[in-house]
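Close look at the chain arrangement
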Amino acid sequence: MKKGFHISYNAPVTVTFSLLCAGIFLLDQYVSGGKLIPLLFTVPGGAKSPSPFEWSIPLSYIRLFTHVLGHCDWNHLLGNLTFILLLGPLMEEKYGSAMTALMMTVTAAVTGVINACFLSSSLLGASGIAFMLIVLASISTISKSSIPFSFLLVLSVFIAREILSPSASNISTIAHITGGLCGSLFAFLAVPKTRTQDKTSSGTKKSTRTSSQTQQSGPRQGLTREEMLRRIRQLDESSPRYSSSPSPRSLEEDTTLVGTIEL
């Protein structure tokens, strides 16, 4: 009997992030009339910005993280999601969902803080996360002494788009550079999930082997000379020579025994 067809949620962090970006964009365009993303999913600029970052408002600190979910148009949204959906599942399989979510959160926070402190324009979009995934995937592959040509093409296309289409509509080139720096840092600091599992399994096997060896060798190491002599006497007394009613055959066999040697 054939198994039923089903769709697997293979990369929960990447897929959930992409669905949130699409859902927020649809709500902004067709429900709120373009007011949702500027209010909750955009980071204002620094002190010289027309709408500077308000450090005294708690909502401003939330926007340091949520700005990666907002996009200004369909081209901005689909361009970022193309790279994220291409590379995100690969990195999530390699590093695990929790580590991937942490890397994306840190990248969002770093790009948001830099924009709020040093830049004059507002920031929104997941371009920094997309560039972080590109650099992370490229450097992670270099450790295997090979660089896939496909990753070089992806990196070239992304850089060419930045050069040919200068930053506009709140798309920050600084955010892309920051995302790339975060990706290169994560490539050297983050431990792949497979390597962590190998270390855990080898450590478990080693501890099991050590405990079994301890159980086998423990009783022998704890015996003193007197205990050894006492056990030898007990074994000697339990032999047929000391039975209460020895049979003639056992007496004949006993005539060949010279004595017991004590150590």
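This one's a predicted model, so the numbers in the text were calculated from it and none came from an experiment.

Turning to a nonpolar patch on the surface, a few remarks are in order. Residues Leu26, Leu27, Tyr30, Val31, Trp74 and Leu78 make up a contiguous nonpolar surface patch of about 640 Å² in total accessible area. Mapped onto the nonpolar patch, the elements with two or more residues apiece are α1 (12-30) and α4 (74-95). Structurally, Leu26 can be placed in helix α1. The class for Leu26 is partly exposed, based on a relative accessible area of 37%.

Attention shifts here to the packing of α1 against α4. Two numbers describe how α1 lies on α4: the axes approach to 8 Å, and their chain directions differ by 165 degrees. As judged from the angle between their axes, α1 and α4 are roughly antiparallel. Crossing geometry of α1 relative to α4 is assigned as left-handed. Where α1 approaches α4, its residues Pro12, Val13, Thr14, Phe17, Ser18, Cys21, Ala22, Phe25, Leu26 and Tyr30 are matched on the opposing element by Trp74, Leu77, Leu81, Ile84, Leu85, Gly88, Pro89 and Glu92. A per-class count over the contact of α1 with α4 returns 14 nonpolar, 3 polar and 1 charged.

Before going further, it helps to spend a moment on helix α3 (residues 58-66). Structural remark: α-helix, 3.6 residues per turn; residues separated by three or four positions point the same way. Residues Ser60, Arg63, Leu64 and Thr66 constitute the buried set of α3. Buried residues along α3 sit against α2 (36-40) and α5 (97-118).

Counting residues in each nonpolar core, the largest one holds 32 residues, and the members touching the most others are Phe17, Ile129, Met132 and Leu136. Only α1, α4, α5, α6 (127-142) and α8 (173-189) provide two or more residues apiece to this core. In this structure Ile129 touches Phe17, Val68, Ile84, Met104 and Thr107, once residues within four positions along its chain are discounted. Grouped together as the second largest cluster of nonpolar side chains are 6 residues, Val43, Ala116, Leu123 and Ala175 included.

With 22 residues, α5 ought to run about 32 Å at 1.5 Å a step, and its terminal C-alpha atoms sit 32 Å apart, in line with that. Within α5, burial applies to Thr100, Met103, Met104, Thr107, Ala108, Ala109, Thr111, Gly112, Asn115 and Ala116.

This part covers the packing of aromatic side chains. Overall, the coordinates contain 4 aromatic pairs when judged by the stated rule. Through successive ring pairs, a cluster of aromatic residues spans Phe53, Trp55 and Tyr61.

Turning to the environment of Ser138, a few remarks are in order. For Ser138, the position within the fold is in helix α6. Exposure remark for Ser138: the relative accessible area of 13% places this residue in the buried category. The spacing of Ser138 and Phe149 is 11 residues in sequence and 9.8 Å in space, taken between C-alpha atoms. For Ser138, the side chain forms a polar contact with the main-chain oxygen of Ile134, separated by 2.9 Å.

The rules behind the values
Residues numbered from 1 in each chain as written. Predicted model: local features only at pLDDT ≥ 70, side-chain atom pairs only at ≥ 80, totals over all residues. Heavy atoms only, no water. Patch = residues over 30% accessible without salt bridge, like charges linked within 9 Å, V, L, I, M, F, W, Y side chains within 5 Å. Areas by Shrake-Rupley, 256 points an atom, 1.4 Å probe, with all protein chains shown as cover. Salt bridge = Lys/Arg side-chain N within 4 Å of Asp/Glu carboxyl O. Helix = DSSP H or I, 4+ residues; strand = E, 2+ residues; numbered from the N terminus. Buried < 20%, exposed > 50% of the residue type's maximum accessible area, 1.4 Å probe, protein only. Axes fitted to C-alpha atoms, helices over the stretch in contact; angles between N-to-C directions. Parallel < 35°, antiparallel > 145°, perpendicular 65-115°, else oblique. Left-handed = near helix turned anticlockwise from the far one by under 90°. Contact = heavy atoms within 4.5 Å. Nonpolar A, V, L, I, M, F, W, Y, C, P; charged D, E, K, R; others polar. Core = buried A, V, L, I, M, F, W, Y, C linked by side-chain atoms within 4.5 Å. Expected span 1.5 Å × (residues − 1). Phe/Tyr/Trp six-rings, centres within 6.5 Å; stacked < 30°, edge-to-face > 60°. Polar contact = N/O pair within 3.5 Å; in protein donor to acceptor, adjacent residues only side chain to side chain.

Read these as layout, nothing more, since geometry by itself doesn't imply function.
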